[in-house]
Amino acid sequence: MKQLLILSGKGGTGKTTIAGAFIKLYNARAYADCDVDAPNLHLISKHKNLPKKKDYYGLPKANIDLDLCIECGLCQANCRFGAIDYQDGYFVDTNACEGCGVCEFICPASAVSLKETVAGELFLYKDDSVFSTAKLKMGSGTSGKLVAEVKKQLLENTKKVEIAIIDGSPGIGCPVIASLSGADIALIVAEPSVSGISDMERIIKIKSVMAEAMLPIPPVMPPTRLFPKSTTFSIIFFSNSI
Amino acid sequence: MGINKKIVVLSGKGGTGKTLISVNLAAADGNSYYVDCDVEEPNGHLYFKPQILEEKTVSVLIPEVNNDLCTGCKECVDFCKFNALAFGKKVILFKEICHSCGGCALVCPVNAITEIEKTIGLINIGISENVRTVGGIMNTGEASGIPIIKNILEYIKDKSGYIFIDCPPGSACIVMETIKDADYCILVAEPTIFGAHNLEMVHQLVELCNKPYGVVLNKCTDGPNPSEDFCKEKNIEIIGRIPFDSELGELNSNGKIAVRENYKNNELFYSLLNKVKEVSR
């Protein structure tokens, strides 16, 4: 199975629109939405059945047992993420906690333990086609790990499919890097604006770090007069080997 | 010190107009700060074209193993929850996935691990007319821009005036980090089902963070507006409407700031600014 990943760097350029169109035109049997921070593809996918849901656990997060805590403050002093606060006793800000386990290690009273926490939900739609998607819980981190789970769920549930179409997320950070792993072709959707070009240039740079090959395409609806005068099309037609 | 009002502009969905709104509000105020927290794909500088006054690199700590001291006990490898360390003939570090927690240096029984700085990006401070600009940029290939955003937020903490903060898209930790100190949040939404769905998400986020907020409807047409319907259903205040207008689109896509040009509807941004000042008082 070849994985076609649709990216853009900038948000709102039309990744989901292109993904939706390709799924329809190709009659794709396998597709996924890797924008776990703000998934949208499910809004236009045509599945009759309700999805199968599965809780997604991020890294376990620290929890302080106040009965054991001797208030030495070592956990707070050693936490690099500012995740331990004090108000009538030490407590963990689970949004800030990255689950590194330093506090658990450092605590002389064994008052800190790491507890599993639900950090999002995975959805699997399955009838004549398979659609894998997920939603990260508000304010959670580790979206890269959830992206990897979305792709794993897709692969586990598809057999003998020629192509999988994967809707990526904006940006160039961990969810994007996670979605690039295993992708055969990345398609970059660009928009005719200075922001669109700047963001496309940055996502193309990621290629040298991560992806094996990328094929950018010209913008979907290029109202040419919106192109900044200083820009030539050569940037858009960043030709490359697939 | 005068007033310090942090106005955060956010939207779940990308491309709804966060930068358009925050840039124009900052320029309309004239004596404000414009802060670009989208360090993965910063765009505000393309509009303000600021004269850069100061640049600071942002680093995080990563471990460095002294192989003469390392006994190969692998305690560091076992400890690392992020799987950033592995052991072959010696300890191998995968820099990109290291979260800089410092745990490996703590657990090493022979003190073979020290921490060294690794540059992940920079923050820059500039000026464009009277607007002070603060932005950051993450090096390509890095996984998280949060340390850069923290640096930016630290810099603006006690600056005086209105501070307009342009958020990255989504509703993940990076956005949460940005709105933590907000005095007021502007949610920008576009009239599509995608727009409405992602508005619902950021709406939950600002509710969760207990921040005062209002919605700006961008790209409004005469047609249906699912985002507006959502606001009405949830009784959310709509503090501004920006029409879908090719003149504004053209200015914006060419990196021009509407309020600094002779745009016919500039009154929109000035009244939005007044409204924001009123509601954030």
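If you're wondering where the values come from, they're calculated on a predicted model, not measured in any experiment. (Residues numbered from 1 in each chain as written. Chains lettered and ligands numbered in written order. Predicted model: local features only at pLDDT ≥ 70, side-chain atom pairs only at ≥ 80, totals over all residues.)

Further remarks concern the overall build of chain B. Within chain B, the regular secondary structure consists of ten helices and eleven strands. Overall, chain B is about 70 × 40 × 35 Å in size when its C-alpha atoms are taken along their principal axes. Expressed as a percentage of contacts within chain B between residues at least 6 apart in sequence, the contacts between residues at least 24 apart total 74%. (Helix = DSSP H or I, 4+ residues; strand = E, 2+ residues; numbered from the N terminus. Contact = placed C-beta atoms within 7 Å.)

Across its full length, chain A holds seven helices and twelve strands. Put simply, chain A has 242 residues, and 48% of those count as buried. Summarising the internal contacts of chain A: among those between residues at least 6 apart in sequence, 75% fall at separations of at least 24. (Buried ≥ 20, exposed ≤ 12 C-beta atoms within 10 Å, placed from the backbone.)

Turning to the interface of chain A and chain B, a few remarks are in order. With 46 residues of chain A in contact, the opposing surface of chain B contributes 45 residues. Mapped by element, the contributors of at least two residues to the side of chain A that touches chain B are α3 (102-106), α4 (143-156), α5 (174-180) and α6 (194-209) of chain A. Tallying contributions element by element places α6 of chain A first for the side of chain A that touches chain B, with eight residues. Of the residues assigned to the side of chain A that touches chain B, the class counts are 19 nonpolar, 19 polar and eight charged. (Nonpolar A, V, L, I, M, F, W, Y, C, P; charged D, E, K, R; others polar.)

For chain B, the domain assignment lists domain 1 (4-58 + 121-279) and domain 2 (67-111). Placing the centre of domain 1 of chain B and that of domain 2 of chain B at their C-alpha centroids yields a distance of 40 Å. (Domains from an automatic or database assignment.)

Residues and elements named next belong to chain B. Running from N to C, helix α1 (residues 18-29) and helix α10 (residues 267-279) point in directions that differ by 85°, and their axes come no closer than 9 Å. In terms of orientation, α1 and α10 fall into the roughly perpendicular class. Along its contact with α1, which presents N24, L25, A28 and D29, the element α10 presents F269, Y270, L272, L273 and V276. For the contact of α1 with α10, a count of residues per class yields seven nonpolar, one polar and one charged. (Axes fitted to C-alpha atoms, helices over the stretch in contact; angles between N-to-C directions. Parallel < 35°, antiparallel > 145°, perpendicular 65-115°, else oblique.)

It is worth spelling out the sheet that holds strand β9 (residues 184-189) of chain B at this point. To summarise the sheet geometry, strands pair through backbone hydrogen bonds and adopt either a parallel or an antiparallel arrangement. All names here are of chain B. Taken together, the nine strands give an open sheet; going across it, the order is β3-β6-β7-β2-β8-β1-β9-β10-β11, and neighbouring strands pair in mixed fashion. What marks the edges here is a single partner per strand, and that holds for β3 (51-65) and β11 (238-243). On average, each strand axis in the sheet is tilted by 20° relative to the strand beside it, whichever way the strands run. Across the face of the sheet, α1 comes into contact with β1 (4-10), β2 (33-36), β7 (131-138), β8 (161-166), β9 and β10 (213-220) while running at roughly 165° to β8. (Pairing = 2+ DSSP bridges.)

Helix length check: helix α7 (residues 193-208) of chain B, at 16 residues, gives a terminal C-alpha distance of 23 Å against a target of 22 Å (1.5 Å per residue), a fit within 8%. Every buried residue belonging to α7 of chain B is among F194, G195, A196, H197, N198, L199, M201, V202, H203, L205 and V206 of chain B, and all of these are buried. The inward-facing, buried residues of α7 of chain B contact α1 (15-26) of chain A together with β1, α6 (173-179), β9, β10 and α8 (226-234) of chain B. Of the residues trailing α7 of chain B, N210 of chain B is marked for its positive phi of about 60°. (Expected span 1.5 Å × (residues − 1).)

All names here are of chain B. Despite not being glycine, N83 has its phi angle at roughly 55°, a positive value. With respect to the helices and strands, N83 occurs in the loop between α3 (75-79) and β4 (85-87). Positioned with a positive phi, N235 is a non-glycine residue whose angle comes to about 60°. Mapped onto the elements, N235 comes out in the loop between α8 and β11.

Our next topic: the packing of α7 of chain B against α8 of chain B. Between two packed helices, what matters for the description is the angle formed by their axes and the separation of those axes. At a minimum axis separation of 7 Å, α7 of chain B and α8 of chain B run at an interaxial angle of 35°. Contacts from I193, G195, A196, L199, E200 and H203 of chain B of α7 of chain B reach α8 of chain B at P226, S227, F230 and K234 of chain B.

Residue and element names in this part refer to chain B. When the terminal C-alpha atoms of α10 are compared, their 18 Å separation across 13 residues agrees well with the 18 Å that a helix rising 1.5 Å per residue should span. Among the residues of α10, those classed as buried are L268, F269, L272, L273 and V276. Down the axis, α10 shows its buried residues gathered within 130° of arc, on one side only. α10 presents E267, N274 and E278 as exposed residues on the side facing more than 90 degrees away from its buried surface. Where α10 is buried, its residues touch β1, α1, β9, β10 and β11. (Arc of directions from axis to C-beta.)

Per-residue confidence for chain B gives a mean pLDDT of 94; residues scoring 70 or more make up 100%. For this predicted complex, the interface score ipTM comes out at 0.87, while the overall pTM is 0.88. (pLDDT = per-residue confidence, 0-100.)

All names here are of chain B. Tracing the backbone through its elements, the reader meets P50 in the loop between α2 (44-48) and β3. In this structure P50 comes out as buried when scored by C-beta crowding, with 20 C-beta atoms within 10 Å. Residues P50 and L272, spaced 222 residues apart in sequence, show a C-alpha to C-alpha distance of 24 Å.

This part takes up the nonpolar core. All names here are of chain B. Counting 119 residues, the largest nonpolar core has I7, V9, F164, C185 and L187 as its most contacted members. Per-element accounting of this core gives the leading share, seven residues, to α1. Sequence-distant contacts of F164, that is, excluding residues within four places in its chain, are made with I7, V9, S22, L25, A26, S32, Y33, Y34 and V35. (Core = buried A, V, L, I, M, F, W, Y, C linked by C-beta atoms within 7 Å.)

All names here are of chain B. Burial along β2 is two-sided: the residues Y33 and V35 and Y34 and D36 are all buried. Alignment of β2 against β7, held across four bridges, turns out to be parallel. Within the sheet, the bridge partner assigned to Y33 lies in β7 and is R132. Sheet topology note: the β2/β8 ladder contains four bridges and is parallel. Residue V35 lies in a different strand from β8, and its bridge partner there is I165.

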